[in-house]
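# Survey of secondary and tertiary structure
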Amino acid sequence: MSDDTAIGRSLSEEIGYWLESASRTLEKRYGNGVPLAKQDILLAHYLYGLTAVVHAGDAPAAHLAAVRSYLGRLIPAERVAGALQAVPEADDTWLENTLDRVEAIGEKQGHALLARGADIVIPFSSRHASVAGSAEPVIERDPPKEALSQ
């Protein structure tokens, strides 16, 4: 994606673009090796992190409604509900650790998205800063794909 293409998109379209890219990346990376339900959970956590910056001042219910709406554009409603209600099993340390990393990547990219396209960056203190690294804006060729493949 070129910067010229991004300039013509609304914030909602940008979030949708990044979410679709992240979805393709998860499918390519994990394919049949990770059940679809776990991929949905990873995607939901990525989206939560990405939108947390935008919805920092909103009520939690409004943020959750936005996450549900964006996910509903990509996956059926029953999978959205499952992804948002799922809790990793106690012995699934891989999923727990991966969820934290994916959410942190989303947060980092949310900061970059706002910094690139907004006049005012909404301050949001990240509980995942040590996992994702700096939240300074980084313009990448395909941010979700590059970040999720790390």
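Because the structure is predicted, anything quoted here is derived from the model rather than measured. Residue positions within a chain follow its written sequence, with the count starting from 1. Two thresholds apply to this predicted model, a pLDDT of at least 70 for residue-level local features and 80 or more for giving and counting side-chain atom pairs, whereas whole-chain, interface and lining totals are computed over all residues. Side-chain numbers come from the whole structure's heavy atoms, not from hydrogens or water.

### A closer look at the overall build of the chain
Quick note on the threshold: By the criteria applied, helices consist of DSSP H or I runs no shorter than four residues and strands consist of E runs no shorter than two, each listed in order from the N terminus. A simple rule labels every residue: compare its accessible area, found with a 1.4 Å probe on the protein chains alone, to the largest value its type can have, and call it buried under 20%, exposed over 50%, or partly exposed in between. Areas reported as accessible are Shrake-Rupley estimates using a 1.4 Å probe. Residue values count occlusion only from the protein chains shown.
A tally of regular secondary structure across the chain gives eight helices and zero strands. Helices and strands appear in the chain in the N-to-C order α-α-α-α-α-α-α-α. Within the chain, the proportion of its 150 residues that are buried is 39%. On the chain, roughly 8200 Å² of surface is accessible, and the fraction owed to carbon and sulfur atoms is 52%.

### Some points on the pattern of salt bridges
Keep this limit in mind: Any Lys or Arg side-chain nitrogen found within 4 Å of a carboxyl oxygen on Asp or Glu counts as a salt bridge.
Applying the stated criterion across every chain yields a total of two salt bridges. Measuring nitrogen to oxygen at the nearest pair gives 2.7 Å for the salt bridge that ties Lys38 to Asp92. Here Lys38 is found in helix α3 (residues 36-54), whereas its partner Asp92 is found in the loop between α5 (77-85) and α6 (93-117), with 54 residues between them in sequence. Looking at Lys38, the relative accessible area reads 25%, which means it is partly exposed. Residue classification places Asp92 among the buried residues on the basis of a relative accessible area of 13%. For Asp40, the salt bridge goes to Arg79, with nearest N and O atoms at 2.8 Å. Of the two residues, Asp40 is situated in helix α3 and Arg79 in helix α5; the sequence distance between them amounts to 39 residues.

### Overview of the packing of aromatic side chains
Definition in use: Only Phe, Tyr and Trp rings are paired, with Trp represented by its six-membered ring, and only when their centres lie within 6.5 Å; those with planes under 30 degrees apart are stacked, over 60 edge-to-face, the remainder tilted.
By the definition in use, this model includes one aromatic pair. Aromatic pair Tyr30 and Trp94: ring centres 5.6 Å apart, planes at 85°, arrangement edge-to-face. Here Tyr30 is found in helix α2 (residues 11-30), whereas its partner Trp94 is found in helix α6, with 64 residues between them in sequence. Exposure remark for Tyr30: the relative accessible area of 17% places this residue in the buried category.

### A short note on the nonpolar core
Quick reminder of the rule: To form a nonpolar core, buried Ala, Val, Leu, Ile, Met, Phe, Trp, Tyr and Cys residues must be joined to one another through side-chain atoms within 4.5 Å. By definition, residues are in contact when any of their heavy atoms lie within 4.5 Å.
Core analysis: the biggest nonpolar cluster contains 29 residues, and Ile15, Leu42, Tyr46, Leu47 and Leu71 have the highest contact counts within it. When residues of this core are traced back to their parent elements, those giving at least two are α2, α3, α4 (60-72), α5 and α6. Of all the elements, α3 adds the most residues to this core, at nine residues. Those residues in contact with Ile15, other than ones at most four positions away along the chain, are Leu47, Leu50, Thr51, Val54, Tyr70 and Leu113.

### Considering the confidence of the model for the chain
Basically, it comes down to this: pLDDT measures the predictor's confidence residue by residue and takes values from 0 up to 100.
Averaged over every residue, the pLDDT of the chain is 78; the share at 70 or more is 72%. Per-element confidence in the chain is highest for α5, whose mean pLDDT is 95, and lowest for helix α7 (residues 129-132), whose mean pLDDT is 42.

### Comments concerning the packing of α3 against α5
Using the following cut-off: Think of each axis as a best-fit line through the C-alpha atoms, taken over the contacting stretch in the case of a helix, with angles from 0 to 180 degrees between the N-to-C directions. In what follows, roughly perpendicular refers to angles from 65 to 115 degrees, roughly parallel to angles under 35, roughly antiparallel to angles over 145, and oblique to any angle outside these ranges. Residue classes follow a fixed rule: Ala, Val, Leu, Ile, Met, Phe, Trp, Tyr, Cys and Pro count as nonpolar, while Asp, Glu, Lys and Arg count as charged, and any other residue, Gly among them, counts as polar.
At a minimum axis distance of 8 Å, the contact between α3 and α5 shows a crossing angle of 70°. On the basis of the axis angle, α3 is roughly perpendicular to α5. Residues Leu36, Asp40, Ile41 and Ala44 of α3 pack against Arg79, Ala83 and Leu84 of α5. Across the contact of α3 with α5, the residue classes tally to five nonpolar, no polar and two charged.

### Things to note about the environment of Leu113
Relative to the elements of secondary structure, Leu113 occurs in helix α6. As for Leu113 and Glu14, which are separated by 99 residues in sequence, their C-alpha atoms are 8.0 Å apart. Once residues lying within four places of it in the same chain are set aside, the contact partners of Leu113 are Leu11, Glu14, Ile15 and Trp18.

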